[in-house]
Amino acid sequence: MGKGKNTEAKQNPVKLLLIGCILVALLVGFYYYVSRKMGVESTRETETITQTQQVLLRNLEAHYPPSPKEVVKYYCDITQCFYNEENEDAQVRELALQIRKLYDRELVANQTEEEYIQNLISDIASMKQNGLVISSYSTSSSTDVEYFSQDGFEWARLYCSFSIRQGSTLINSNEQFLLRLDENGHWKIYGWQLVEE
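Residues numbered from 1 in each chain as written. Predicted model: local features only at pLDDT ≥ 70, side-chain atom pairs only at ≥ 80, totals over all residues. Heavy atoms only, no water.

Turning next to the pattern of salt bridges. If you walk through the whole model with that rule in mind, you get 8 salt bridges. In this structure, Lys101 and Glu61 form a salt bridge, with 3.9 Å as the shortest nitrogen-oxygen distance. Highlighted residues: Lys101 in the loop between helix H4 (89–100) and helix H5 (105–108) and Glu61 in the loop between helix H2 (51–56) and helix H3 (68–84), separated in sequence by 40 residues. Look at Glu61 and you get exposed, because its relative accessible area is 63%. Put simply, Arg105 and Glu183 hold a salt bridge, and the shortest N to O gap is 3.3 Å. Pair noted here: Arg105 is in helix H5 and Glu183 is in the loop between strand S4 (169–181) and strand S5 (187–194), with a separation of 78 residues, a long-range link. (Salt bridge = Lys/Arg side-chain N within 4 Å of Asp/Glu carboxyl O. Helix = DSSP H or I, 4+ residues; strand = E, 2+ residues; numbered from the N terminus. Buried < 20%, exposed > 50% of the residue type's maximum accessible area, 1.4 Å probe, protein only.)

Printed below as a string of structure tokens:
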């Protein structure tokens, strides 16, 4: 009789250890399943964010582009959203308000907000009607940005080349951008012009 109790006592730690291992395996398996499922869902959410939404997520008050080149790149990203994405008028308005934050105060003063947005909507419609899409852009390298002082202001000049696709035809459009440093140390787009080949 005493022998049976002793064997039972020896088997209990083995049973406990076995049950513990099974529980740990179940917990690890459950954790793996849940984390994998959450990862797939977050990937799906990321995949559904459009380029327009990504561009609009940038908070220019907190993270203004630090250089003339970065300002022009962000301008180009927004421009691609205007002409390449299927945006509703509300999104075009948001993009327009965002891009105007990159403009120098003198450039902004040329048109009211409403005039700018209406002209922009008309321009977007014209581009789409003609089947034009901005397939890519490239800006001057940082070393090719020309800095100079004039009339008590700091200026920067750089170039940007747009590749515009119409069907299977590619058209290159080169533009020169002029930026002025404002009182907050931000480079603002003063204007741009088409560069003749």
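On the secondary structure map, Gly131 appears in the loop between helix H6 (113–129) and strand S1 (132–139). Taking C-alpha positions, Gly131 is 9.9 Å from Ile164, a pair spaced 33 residues apart along the chain. Here Gly131 is in contact with Arg165, Gln166 and Gly167, once residues within four sequence places are set aside. (Contact = heavy atoms within 4.5 Å.)

Throughout the structure, instances matching the rule amount to 0 disulfides. Between Cys76, a free cysteine, and Cys160, which holds the nearest cysteine sulfur, the sulfur-to-sulfur gap is 3.4 Å. Residue Cys76 is classed as buried on the basis of its relative accessible area of 0%. A relative accessible area of 2% means that Cys160 is categorised as buried. (Disulfide = S-S within 2.5 Å.)

Below, the discussion takes up the pairing of S4. Within a regular strand, side chains alternate between the sheet's two faces. As defined by bridge partners, strand S3 (residues 153–166) adjoins S4 across 12 bridges and the pair is classed as antiparallel. For Leu158, the partnering residue across the bridge sits in S4 and is Phe177. Connecting S3 to the next strand, S4, in antiparallel fashion are 2 residues, including Gly167 with a positive phi near 65°. Sheet topology note: the S4/S5 ladder contains 7 bridges and is antiparallel. Along S5, the bridge assignment pairs Gln176 with Gln193. A loop of 5 residues connects S4 with S5, the two strands running antiparallel in sequence, and Gly185 in this loop sits at a positive phi of about 80°. (Pairing = 2+ DSSP bridges.)

A few words now on H6. Residue pairs spaced three or four apart in an α-helix point in one direction, given the helix's 3.6 residues per turn. In this model H6 runs 24 Å from its N-terminal to its C-terminal C-alpha over 17 residues, within 8% of the 24 Å that 1.5 Å per residue would give. At its buried positions, H6 is contacted by H3, H4 and S1. Of the residues trailing H6, Gly131 is marked for its positive phi of about 70°. (Expected span 1.5 Å × (residues − 1).)

How two aromatic rings sit relative to each other is given by the distance of their centres and the angle of their planes. According to the stated counting rule, one finds 11 aromatic pairs in the structure shown. Taken together, a centroid distance of 6.5 Å and an interplanar angle of 45° make the contact between Tyr75 and Tyr103 tilted. Linking Tyr75 in helix H3 with Tyr103 in the loop between H4 and H5, this pair joins segments that are 28 residues apart in sequence. Tyr103 carries the same exposure label as Tyr75, and that label is buried. Between the aromatic rings of Tyr75 and Trp192, the centroid separation amounts to 5.3 Å while the plane-to-plane angle is 55°, which identifies the pairing as tilted. One end of the pair, Tyr75, is in helix H3; the other, Trp192, is in strand S5, with 117 residues separating them in the sequence. (Phe/Tyr/Trp six-rings, centres within 6.5 Å; stacked < 30°, edge-to-face > 60°.)

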